[in-house]
Amino acid sequence: QQIRDGGQFTIAVDVDLVVFNVTVTDSRARYVPGLKVADFKVQEEGRSQEIKLFRAEDIPVTVGLNIDNSASMHGKRAQVDKAALSFVDASNPADEMFLVKFTENAYLSLPRAIPFTSDAAQMRSALLRTSPAGMTALYDALALGIDHLKSGTRDRKTLVVLSDGGDNASRRKLDDVLQIAQRSSATIYTIGIYDETDRDRNPGVLRKIAQLSGGRAYFPKSLESLEQAWRDIAGGIRSQYTIGYSSNNSNRDGGFRRVKIVASRNGGRTLKVTTRDGYVAPADQSISR
């Protein structure tokens, strides 16, 4: 294999490739562009790995927006829609997007014949189509969003979740969703908005989901600062690096393997790397190298 750092490339051509979306920031929390493959080192369970895929440019991604549309969003809807649309405007025009809304049920909000779109007008229409009502099925919405990402054609896959973190209607349990997220290569960003009197709020869940996937949790202090959170996420997605390697551990044991990725510019001071802390190995014992 060769390192791919430009042109069209689909990760699915190598099912053994372990892929990480990586965000790099400096000591002032500013995104760091322009790094080369030689600036990164990867270790799996303490063993060095050879990087075989490296993408550093702003490439289109598959991105899903999971928007809480339950009654708890009543009174916040106009600001939520405005901020989400600012995210669409700040994203790569070639991103393929979809929208999951959730009340007591989670559902794809684009027309059935349109699984993904790069059309901002279609996203706007889907966002504005319904009014907040009902209970909250956050965990079901997360599972639906992660599953739908699999159908996307872009190498990088991202989910952005806006909610108060509470759940009072899902069929799935939190542990199930955390396992699904851990098995996915998607980066999940979460935005928590709620009133301090909201008894269903659960910011800890939003932090846990984001951390597990190598994303980041945002808690805007006001609805006015919500738009900046969305724009920061859009900038982070467009500044990501994609790193892939074939593990030198050929065991198909289904176990979790911890991975550490470090970065430094030209061998200088170590930069902050945000990504998943590992992956779940394949469990098919019939396949061996």
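Use the structure listed above.
Here's what I pulled together on the structure shown here. (Residues numbered from 1 in each chain as written. Predicted model: local features only at pLDDT ≥ 70, side-chain atom pairs only at ≥ 80, totals over all residues. Heavy atoms only, no water.)

### What about the nonpolar core?
Judged by nonpolar contacts, the single largest core of 51 residues is most densely connected at Leu 65, Phe 87, Val 160, Leu 162, Ile 191 and Trp 230. Here this core gets seven residues from one element, more than from any other, and that element is helix H1 (residues 77-90). In contact with Val 160, other than residues within four places in its own chain, are Val 63, Gly 64, Leu 65, Asn 66, Phe 87, Tyr 189, Ile 191, Trp 230 and Ile 233. Of all hydrophobic cores here, the second largest spans 20 residues; its members include Phe 40, Ile 261, Ala 263 and Tyr 279. (Core = buried A, V, L, I, M, F, W, Y, C linked by side-chain atoms within 4.5 Å. Buried < 20%, exposed > 50% of the residue type's maximum accessible area, 1.4 Å probe, protein only. Helix = DSSP H or I, 4+ residues; strand = E, 2+ residues; numbered from the N terminus. Contact = heavy atoms within 4.5 Å.)

### Quick word on helix H4 (residues 174-183)
Within the sequence span of H4, burial applies to Val 177, Leu 178 and Ala 181. Each buried residue of H4 sits inside an arc of 100° when the element is viewed along its axis, so together they form one side. Facing away from the buried side of H4 by more than 90 degrees, the exposed set consists of Asp 175 and Arg 183. Against the buried residues of H4 lie helix H3 (138-149), strand S9 (187-192) and helix H5 (203-213). (Arc of directions from axis to C-beta.)

### Here we look at the packing of H3 against H4
With their axes 9 Å apart at the nearest point, H3 and H4 run at an angle of 20° to one another. Between H3 and H4, the angle falls in the class roughly parallel. Relative to H4, H3 is oriented so that their crossing is left-handed. Contacts between H3 and H4 involve Tyr 139, Leu 142, Ala 143 and Ile 146 on the former and, on the latter, Leu 174, Val 177, Ile 180 and Ala 181. Of the residues that constitute the contact of H3 with H4, the class distribution is eight nonpolar, no polar and no charged. (Axes fitted to C-alpha atoms, helices over the stretch in contact; angles between N-to-C directions. Parallel < 35°, antiparallel > 145°, perpendicular 65-115°, else oblique. Left-handed = near helix turned anticlockwise from the far one by under 90°. Nonpolar A, V, L, I, M, F, W, Y, C, P; charged D, E, K, R; others polar.)

### So, the pattern of salt bridges
Overall, the coordinates contain 13 salt bridges when judged by the stated rule. For Arg 216, the salt bridge identified is with Asp 232, shortest N-O distance 3.5 Å. Linking Arg 216 in the loop between H5 and strand S10 (217-218) with Asp 232 in helix H6 (residues 226-238), this pair joins segments that are 16 residues apart in sequence. Owing to a relative accessible area of 22%, Asp 232 belongs among the partly exposed residues under this scheme. For Arg 258, the salt bridge is made with Asp 277, and the minimal N-O distance between the two is 3.0 Å. Here Asp 277 lies in the loop between strand S13 (270-274) and strand S14 (278-280) and Arg 258 lies in strand S12 (residues 256-264), a separation of 19 residues in the sequence. Its relative accessible area of 47% is what places Arg 258 among the partly exposed residues. (Salt bridge = Lys/Arg side-chain N within 4 Å of Asp/Glu carboxyl O.)

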